[in-house]
Amino acid sequence: MLSDLHSKETVTAENGNFPLRDCALIAIATGVRAMTLNELRDGVQHVPPASIYHHFWAGLLEPRFEEREYSNDFAAWVHHGLHDEVLAERLALVNPTEFDAIEDLRQVLLDIIDERLDESERLPWLVAINPFEFIRTQTVVFDPRACIDTPKALARIMPTLSTGSIFYHFIDARRRSPTGSDDFSEWLGVYGDCYADLLQRLANIDPYFGSLIDLRLRLAATLTDCLLDGV
């Protein structure tokens, strides 16, 4: 099943059970590229929202042999292509989880770039050796026909979930859900106030800074602490 950035469906419980999904991201070229900071700004302003999403989130699902030096592609290109550490650091500090909509995130990027262009007379004239290629993302969703029947079962299976499942249910869910919540929290919320503490702790987990493996460890530890300790 293909999913795009405009879909707002959430994982629907089946007979009270939580249906597990897995996913992969397909990278699709937009045909837009940048060699200068002005061209990067123009691209950020005009590319589809799925491209902004890709350059912040897709790196989490891409196999890497080392830690990401910068948390998003814009900051990495400014560092390696234009060698402007000031702008690279400012862009790296942008956390997409703080924005309810991609358009709000887009505007912050534009404001940061505009501010830096006003500060430097030489920066608009710098030309990178390698262009920034704007890519957009489409999500491919896999249904393994597996369901979780209780919150405790979720806690037990969490350490074994694929990084694709973690991404789909805890990150991608936020752009699909009308409430901006992850799928696990949406499902646990059906049980009422008995999991209020767990829901608050899940809400406090920031999925952006760190790897999906680190995120899985944090989710597993939180669920175990709230649901399995003492069992």
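These numbers were taken from a predicted model, which means no experiment stands behind them.

Novice: What should I look at first to understand the layout of surface pockets in this one?
Specialist: A water-sized probe rolled over the atoms picks out the places where empty space is left. In this model, the largest pocket occupies a volume close to 590 Å³. What lines the largest pocket is a set of 24 residues, among which Phe99, Asp100, Ala101, Arg174 and Arg175 lie closest to the centre. Counting only elements with at least two residues in the lining of the largest pocket, the list comes to α2 (49-57), α5 (102-119) and α7 (163-176). In terms of residue class, the lining of the largest pocket is made up of 14 nonpolar, four polar and six charged.

Novice: Please clarify how the packing of helix α1 (residues 37-46) against α5 should be interpreted in this entry.
Specialist: What describes two packed helices is the angle between their axes and the distance between those same axes. In contact at an axis separation of 9 Å, α1 and α5 are set at 160 degrees when each is read in the N-to-C sense. When the axes of α1 and α5 are compared, the pair comes out roughly antiparallel. By crossing handedness, the relation of α1 to α5 is classed as left-handed. Contacts from Leu37, Asn38, Leu40, Arg41, Val44, Gln45 and His46 in α1 reach Arg106, Leu109, Leu110, Ile113, Asp114 and Leu117 in α5. Here the contact of α1 with α5 is built from residues that sort into seven nonpolar, three polar and three charged.

Novice: Just to check I follow, could you spell out the packing of α2 against α5 for this structure?
Specialist: Between α2 and α5, whose axes approach to 10 Å, the crossing angle comes to 70 degrees. Here α5 runs roughly perpendicular to α2, going by the angle between their axes. Seen from α2, the contacting residues are Pro49, Ile52, Tyr53 and Phe56; seen from α5, they are Ile102, Glu103, Leu105, Arg106 and Leu109.

Novice: How do you make sense of the packing of aromatic side chains when you look at a structure like this?
Specialist: Centre-to-centre distance and the angle between the planes together describe a pair of aromatic rings. What the rule picks out here adds up to 13 aromatic pairs. Residues phenylalanine 18 and tryptophan 187 carry aromatic rings whose centres are separated by 5.5 Å and whose planes lie at 55 degrees to one another, so their mutual orientation is tilted. Here phenylalanine 18 is found in strand β2 (residues 18-19), whereas its partner tryptophan 187 is found in helix α8 (residues 183-188), with 169 residues between them in sequence. We note that phenylalanine 18, like tryptophan 187, is buried. Relative to tyrosine 208, the ring of tryptophan 57 has its centre 5.1 Å away and its plane inclined at 80 degrees; by these criteria the two rings are edge-to-face. Highlighted residues: tryptophan 57 in helix α2 and tyrosine 208 in the loop between α9 (196-203) and α10 (212-228), separated in sequence by 151 residues. Here the two residues tryptophan 57 and tyrosine 208 agree in accessibility, since each one is buried.

Novice: So what exactly am I meant to see when it comes to α10 here?
Specialist: Every α-helix winds through 3.6 residues per turn, so residues three or four apart in the chain are directed the same way. Between its first and last C-alpha atoms α10 spans 22 Å; for 17 residues at 1.5 Å apiece the expected length is 24 Å, and the two agree. The inward-facing, buried residues of α10 abut α6 (151-157), α7, α8 and α9.

Novice: When you look at the environment of aspartate 118 in this model, what are you seeing that I'm missing?
Specialist: Topologically, aspartate 118 is positioned in helix α5. Owing to a relative accessible area of 72%, aspartate 118 belongs among the exposed residues under this scheme. The spacing of aspartate 118 and serine 51 is 67 residues in sequence and 26 Å in space, taken between C-alpha atoms.

Novice: What's the story with α5 in this structure? I'm lost.
Specialist: The terminal C-alpha atoms of α5, which comprises 18 residues, lie 26 Å apart, in line with the 26 Å expected from a rise of 1.5 Å per residue. Elements in contact with the buried residues of α5: α1, α2, α3 (73-82) and α4 (85-92).

Novice: For this particular structure, what's the right way to read the pattern of salt bridges?
Specialist: As a working rule, side chains carrying opposite charge can pair if their charged atoms are close by. For the coordinates displayed, the defined rule picks out 13 salt bridges. Aspartate 143 is paired through a salt bridge with arginine 145; the nearest N and O atoms lie 3.3 Å apart. What makes aspartate 143 partly exposed here is its relative accessible area of 35%. Classification of arginine 145 as exposed rests on a relative accessible area of 74%. Two residues, arginine 176 and aspartate 183, come together in a salt bridge whose shortest N-O distance is 3.0 Å. Looking at aspartate 183, the relative accessible area reads 3%, which means it is buried. Overlapping salt bridges, with partners in common, bring together Asp84, Arg90, Glu115, Arg116 and Glu119 in one network.

Novice: So what exactly am I meant to see when it comes to the confidence of the model for the protein here?
Specialist: Interpretation of the predicted coordinates at a detailed level should be avoided for regions scoring low in pLDDT. Per-residue pLDDT for the protein has a mean of 90; in total, 90% of the residues score no lower than 70. When the elements of the protein are averaged for pLDDT, strand β1 (residues 2-3) gives the smallest value, 52, and α1 the largest, 98.

Procedures and definitions
Residues numbered from 1 in each chain as written. Predicted model: local features only at pLDDT ≥ 70, side-chain atom pairs only at ≥ 80, totals over all residues. Heavy atoms only, no water. 1 Å grid on protein atoms, 1.4 Å probe; cavity = no way out; pocket = protein on both sides within 12 Å on 5 of 7 lines; lining within 4 Å. Points joined across faces, edges and corners; volume = space filled by probe spheres on them. Helix = DSSP H or I, 4+ residues; strand = E, 2+ residues; numbered from the N terminus. Nonpolar A, V, L, I, M, F, W, Y, C, P; charged D, E, K, R; others polar. Axes fitted to C-alpha atoms, helices over the stretch in contact; angles between N-to-C directions. Parallel < 35°, antiparallel > 145°, perpendicular 65-115°, else oblique. Left-handed = near helix turned anticlockwise from the far one by under 90°. Contact = heavy atoms within 4.5 Å. Phe/Tyr/Trp six-rings, centres within 6.5 Å; stacked < 30°, edge-to-face > 60°. Buried < 20%, exposed > 50% of the residue type's maximum accessible area, 1.4 Å probe, protein only. Expected span 1.5 Å × (residues − 1). Salt bridge = Lys/Arg side-chain N within 4 Å of Asp/Glu carboxyl O. pLDDT = per-residue confidence, 0-100.

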